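Now for the letters of each chain:
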Amino acid sequence: MHANIANSTQKSFECAVGWIAHYVIGVIYGLVLVALASVDWLTRPTFLPALLFGVGTVLIPFLVMQPSFGLGIAASRTPNPTQARLRSLMAHTAFGVGLYVCAVGVSYVVPVHA
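Residues numbered from 1 in each chain as written. Predicted model: local features only at pLDDT ≥ 70, side-chain atom pairs only at ≥ 80, totals over all residues. Heavy atoms only, no water.

(A) Main features of the overall build of the chain. Each helix and strand in the chain was counted, giving four helices and zero strands. Listing every helix and strand of the chain by position from the N terminus yields α-α-α-α. Counting only C-alpha atoms, the chain reaches 60 × 30 × 15 Å along its principal axes. Sorting the 114 residues of the chain into buried and exposed places 26% on the buried side. Contacts spanning at least 24 positions in sequence make up 65% of the contacts within the chain whose residues lie at least 6 apart. Surface exposure of the chain reaches about 7900 Å², of which carbon and sulfur atoms provide 72%. (Helix = DSSP H or I, 4+ residues; strand = E, 2+ residues; numbered from the N terminus. Buried < 20%, exposed > 50% of the residue type's maximum accessible area, 1.4 Å probe, protein only. Contact = heavy atoms within 4.5 Å. Areas by Shrake-Rupley, 256 points an atom, 1.4 Å probe, with all protein chains shown as cover.)

(B) Summary view of unusual backbone geometry. Of note in this structure, Ser38 is not a glycine but carries a positive phi near 95°. If you check the backbone angles, Ala75 has positive phi at about 60° while not being a glycine. Assessed through its relative accessible area of 1%, Ala75 is described here as buried.

(C) Representation of a nonpolar patch on the surface. On the surface, Leu59, Ile60, Leu63, Val64, Met65 and Ile73 cluster together into a nonpolar patch covering about 540 Å² of accessible area. Following the sequence through the fold, Val64 ends up in helix 3 (residues 59-68). Given the relative accessible area of 46%, Val64 is considered partly exposed. (Patch = residues over 30% accessible without salt bridge, like charges linked within 9 Å, V, L, I, M, F, W, Y side chains within 5 Å. Salt bridge = Lys/Arg side-chain N within 4 Å of Asp/Glu carboxyl O.)

(D) Region of the structure containing the packing of aromatic side chains. Throughout the structure, instances matching the rule amount to four aromatic pairs. With a centroid separation of 5.9 Å and an interplanar angle of 25°, the aromatic rings of Trp19 and Tyr23 are classed as stacked. With a gap of four residues between them, Trp19 and Tyr23 both fall in helix 1 (residues 14-37), about one helical turn apart. Using a relative accessible area of 47% as the deciding quantity, one classes Trp19 as partly exposed. Their ring planes at 85° and their centres at 5.4 Å tell us that Phe47 and Tyr100 sit as a pair that is edge-to-face. Separated by 53 residues along the polypeptide, Phe47 in helix 2 (residues 47-56) and Tyr100 in helix 4 (residues 81-107) bring together distant segments of the chain. Overall, Tyr100 belongs to the partly exposed group, its relative accessible area being 23%. (Phe/Tyr/Trp six-rings, centres within 6.5 Å; stacked < 30°, edge-to-face > 60°.)

(E) Quick peek at the nonpolar core. One finds Leu33, Val34, Trp41, Leu42, Ala50, Phe53, Leu99, Ala103 and Val110 forming the largest nonpolar core, which totals nine residues. Those elements that provide at least two residues to this core are helix 1, helix 2 and helix 4. (Core = buried A, V, L, I, M, F, W, Y, C linked by side-chain atoms within 4.5 Å.)

(F) Just helix 4, in detail. Between the first and last C-alpha of helix 4 there are 39 Å, a value that for 27 residues agrees with the 39 Å anticipated at 1.5 Å per step. Looking at helix 4, one finds that the buried residues are Ser88, His92, Gly96, Leu99, Ala103 and Ser107. The inward-facing, buried residues of helix 4 abut helix 1, helix 2 and helix 3. (Expected span 1.5 Å × (residues − 1).)

Here you go:
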């Protein structure tokens, strides 16, 4: 936890480790979506579950990441909290759309159950 991450000294490879972790977590979230929606959802994916799941994942940065970086809950301690919140929401909305697009791609290779 940081009082303000901007004032912390940089660590070796922190950027690379952060981005790798970010994408690994995204893959794990994708697997969680499939577990919640069912593998059958992959044969005929629908947009709404993926979108809602993606938008719902914005709670993690709002309630865990941003406070641990010293930015407050939902970026409340940043110079422009509204802008930070909207950017997070847009990114996680795009994530939901990406989950749907990937599911559509996977639906072409997942066998349909009779």
